[in-house]
Every structure is written in C-alpha cells, then in structure tokens.
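Results of the structural survey
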Amino acid sequence: MTTRRVAVVQAAPRLFDLPETLHRFRDLLAQAAAEGTHLVVFPEAFIGGYPKGSTFGASVGRRDDQGRALFARYRRSAVEIPGEAFEEISAAVAAHGVHVVVGIIERSGRTLYCSALLFAPDGTLLARHRKLVPTGTERVIWGRGDARDVIVTDTDIGRIGLAICWESYMPLYRTALYERGVQIYCAPTVDDRDVWTSTMRHIAVEGRCFVLSANQFAGRNDYPHDFPAADPAGAASGIIQGGSCIVDPFGRVVTGPSFGKQDMLVADIDLAVLDGAYLDLDVVGHYARPDIFQFRTSPPGS
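To start, this report covers the structure provided alongside it. Just so you know, these numbers come straight off a predicted model, no measurement behind them. (Residues numbered from 1 in each chain as written. Predicted model: local features only at pLDDT ≥ 70, side-chain atom pairs only at ≥ 80, totals over all residues. Heavy atoms only, no water.)

**Details of the packing of aromatic side chains**
Centre-to-centre distance and the angle between the planes together describe a pair of aromatic rings. Convention followed: Whether two aromatic rings pair depends on their centres lying within 6.5 Å, for rings of Phe, Tyr and Trp, where Trp uses its six-membered ring; planes under 30 degrees apart make the pair stacked, over 60 edge-to-face, and the rest tilted. Counting from the N terminus, the helices are the DSSP runs of H or I reaching at least four residues and the strands are the DSSP runs of E reaching at least two. Whether a residue is buried, partly exposed or exposed follows from its accessible area with a 1.4 Å probe, protein chains only, as a fraction of its type maximum: under 20%, in between, or over 50%, in that order.
As enumerated under the stated definition, the model contains eleven aromatic pairs in all. With centroids separated by 6.1 Å and ring planes inclined at 70 degrees, the aromatic side chains of F16 and F227 adopt a geometry described as edge-to-face. With F16 in the loop between β1 (3-10) and α1 (18-33) and F227 in the loop between β12 (217-218) and β13 (240-247), the pair connects residues that are 211 residues apart, well separated along the chain. There is no split in this pair, since F16 and F227 are both buried. Look at W166 and Y169: their rings are 5.3 Å apart centre to centre, the planes differ by 85 degrees, and that puts the pair in the edge-to-face class.

**Description of helix α2 (residues 65-76)**
Note the following rule: Helix span, expected: 1.5 Å multiplied by one less than the number of residues in the helix. Arc definition: directions from the helix axis to the C-beta atoms. We call two residues in contact whenever any of their non-hydrogen atoms come within 4.5 Å of each other. Polar contacts, as counted here, are pairs of nitrogen or oxygen atoms within 3.5 Å of one another; within protein the pair requires one atom able to donate a hydrogen and one able to accept it, and residues that are adjacent in sequence qualify only if both atoms are side-chain atoms.
Along its twelve residues, α2 runs 17 Å from first to last C-alpha, staying within 8% of the 16 Å computed at 1.5 Å per residue. Along α2, the residues that are buried comprise G67, L70 and Y74. Mapping the buried residues of α2 onto a view down its axis gives an arc of 65 degrees, with all of them on the same face. Exposed residues lying more than 90 degrees from the buried face of α2 are D65, R68 and R76. For α2, the elements touching its buried residues are β5 (99-108) and β6 (111-119). The N-terminus of α2 is capped by D64, whose side-chain oxygen sits 3.3 Å from the backbone nitrogen of Q66.

**Quick word on the packing of α1 against helix α3 (residues 84-96)**
The condition that has to hold: Simply put, an axis is a line fit to the C-alpha atoms, just over the touching stretch for a helix, and the angle between two N-to-C directions goes from 0 to 180 degrees. These descriptions rest on fixed angle ranges, namely under 35 degrees for roughly parallel, over 145 for roughly antiparallel, 65 to 115 for roughly perpendicular, and the rest for oblique. Take the far helix as the reference: if the near one is turned anticlockwise from it by less than a right angle, the crossing is left-handed, and if turned clockwise, right-handed. Residue polarity follows a fixed list, in which Ala, Val, Leu, Ile, Met, Phe, Trp, Tyr, Cys and Pro are nonpolar, Asp, Glu, Lys and Arg are charged, and the others, Gly among them, are polar.
Running from N to C, α1 and α3 cross one another at 15 degrees; their axes reach a closest spacing of 10 Å. Comparing their axes, α3 and α1 come out roughly parallel. Along this stretch, α1 crosses α3, giving a crossing that reads as right-handed. Listed contacts from α3 to L18, L22, F25, R26, L29, A30 and A33 of α1 are A85, E88, I89, A92, V93 and H96. The class makeup of the residues in the contact of α1 with α3 is ten nonpolar, one polar and two charged.

**Some words on the sheet that holds β1**
Filter applied, for reference: Should DSSP find at least two bridges between two strands, the strands are regarded as paired.
Pairing within the open sheet is mixed, and its six strands lie in the order β7-β6-β5-β2-β1-β15. This sheet does not close on itself; its edge strands, each paired only once, are β7 (125-130) and β15 (263-270). Neighbour to neighbour, the strand axes of the sheet diverge by 25 degrees on average, direction disregarded. Pairing between strand β2 (residues 39-41) and β5: three bridges, direction parallel. The residue bridging V41 from the neighbouring strand is V101, located in β5. Running over the sheet, α3 touches β5, β6 and β7 and is turned about 15 degrees from β6.

**A closer look at the pairing of β5**
Judged by how many residues are buried, β5 sits mostly within the fold: nine of ten residues are covered. Pairing analysis gives nine bridges linking β5 to β6, with the strands arranged antiparallel. In the strand pairing of β6, R107 is matched with L112. Linking β5 back to β6 in an antiparallel pair, the connection comprises two residues, with G109 at a positive phi of about 65 degrees.

**Some thoughts on the side chain of S90**
Relative to the helices and strands, S90 resides in helix α3. Note on S90: relative accessible area 13%, which makes it buried. One polar contact links the side chain of S90 to the main-chain carbonyl oxygen of G123, over a distance of 2.6 Å. Dropping the residues within four chain positions of it, S90 is found in contact with F119 and G123.

**Structural notes on the nonpolar core**
Put simply, the rule reads: The term nonpolar core refers to a set of buried residues drawn from Ala, Val, Leu, Ile, Met, Phe, Trp, Tyr and Cys, joined through side-chain atoms within 4.5 Å.
Ranked by size, the top nonpolar core spans 44 residues in total, and within it L39, Y74 and L212 carry the most contacts. Counting residues per element, this core draws most heavily on β6, which supplies four residues. Residues L18, L28, V79 and I89 belong to the second largest nonpolar core, which totals 26 residues.

If you want it as structure tokens, here you go:
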C-alpha cells in the first residue's frame, strides 16, 4: 500500500501550563487518530509554547529582572528527554498507534531548544531535530542545533524529514534533506503570513516531496493574562492566525491553507506518484551539476 492518510493539527497550547497543554495534545491526537491517520503533525513549539511578542527584557547590552522571571516560567514548562512530560507524550502516541511529529520546547541542561520529535506508532522516539538557526530574537531564548540534527528517517510510511519554520528558508538545509531522500517533508511552524503557503508549494516542487505544514492558531486566551503579548487586544481573533496546509510533489495544494480558526486538515497522499515526479526533476541527481557545484554537510559530532 502506498497511500497514507495524514493529518495536520492547527491548534495552540496553553503557555506556561504544561499539564493543560498535554491534555490538549492527547485530545487532539485522539481526534486525528479517529480519522484513520498514519501520520499526525503538530505545530512548532506546541508543547512548551511560543511566547510571541515577548522580549524577555533583553536589549543590546542589557537584560532586566522581569525578563529573567518570565524566562524562568518558560523554562519550567519545557520538556526534558527523558522526563515525565516526555513519557506522557510517548504514552499518548502508543495509545493511538500512529506516527506523530510534534514541536516541543526542549530543556537540556541549562539551555532550551526549539525541537521537533518524530515518534513511531509504539511511542518510540525515532528522531529528535533541534532548530538549526532560531529566527531573530528567538536566539535570546533558544540554543542552536548541530550536524546531528540533519536527518531523514526511514519509516514504514515513507522517509520523513523535519524542518522547523524558517529552516525552510535555508537552501542548503533543504538540499541536505533532498539528498537524504525525503518523501514527507514535515514543516511545523508559527509563520502565519500568506506567503508561507507559496514557500511550502515551492519546496514540494523543488524537492519532489509531500509537504505537511502545521501552524498554531493561538488566541489571547491561550496566553496567561499577565503575559506581554504582541497584541493584548487580540483575544479570540488570534495572536497566531494559522495557515496550515498539505501540498503534493507538483506544488498543488491538497488541503488548506486554513486561517483564523482551530482546525485539523486530513488528506490521503500516495507515495507512488513520486516515481513519476522524478522524471523531470531531481535537484540532487540528474538536475544537479556536481562538476560545477559541490555540496557537503559536516558529519555528526564534528
């Protein structure tokens, strides 16, 4: 069988409230699994949260106590691997028997990372990918991934790669995923601009792969009342507006983009179409020019 049913979840966590967020994760996963899915993709920073609009009291050459206190709250709601919250996530996946990609805020030692986890249906962790370059002021609160995070995982539903948000604007990282034979390109994000769909369509065509992008839809009520949000008056209208989508290897939007509401996009994708898609484009094969351009990645641990 080459057809897989996939789901993209468009929802938000409760910032700084890990128990409530895990509850939401379990409920949304149950809903997706009930659709007969083989793979469910959740947004960037779904477990741990995306503190949109906060400066954490940081400016050039200066940090303040209020920002440090906010970071302390954020750090306490992050996920350690292994750890209690991680085990709850794994158990929820195993209970429903589907592959899952979920964005988390990972706490490792004294540093936080924006990570994406890929789980097998039995709850086994197949891959952990840490965002290689946090975007803009995300660099204040998150560390960077390394060569160990450049990975495509072979599963019984296809070869799955992970690219978090603006990693999809890193041409050489995309190339590394293509080189590793990605078939299902999972793109958890919080980028809710209209142009994001165009980016996902381009990648699907360029990489001749299916693209599954999951974004948050977050309203003011998903943040604590004392959180310094980007749009304090945003309320239910959305601080993060969504834009999730599923795209086929020819750049055709299968479903989405969905804006302005919590949503779940479900589609059947047929990996058999990939064989025909490679006829006229393989950017790391017959459409490459290794005699002119050379590409390499650092080995893990280098």
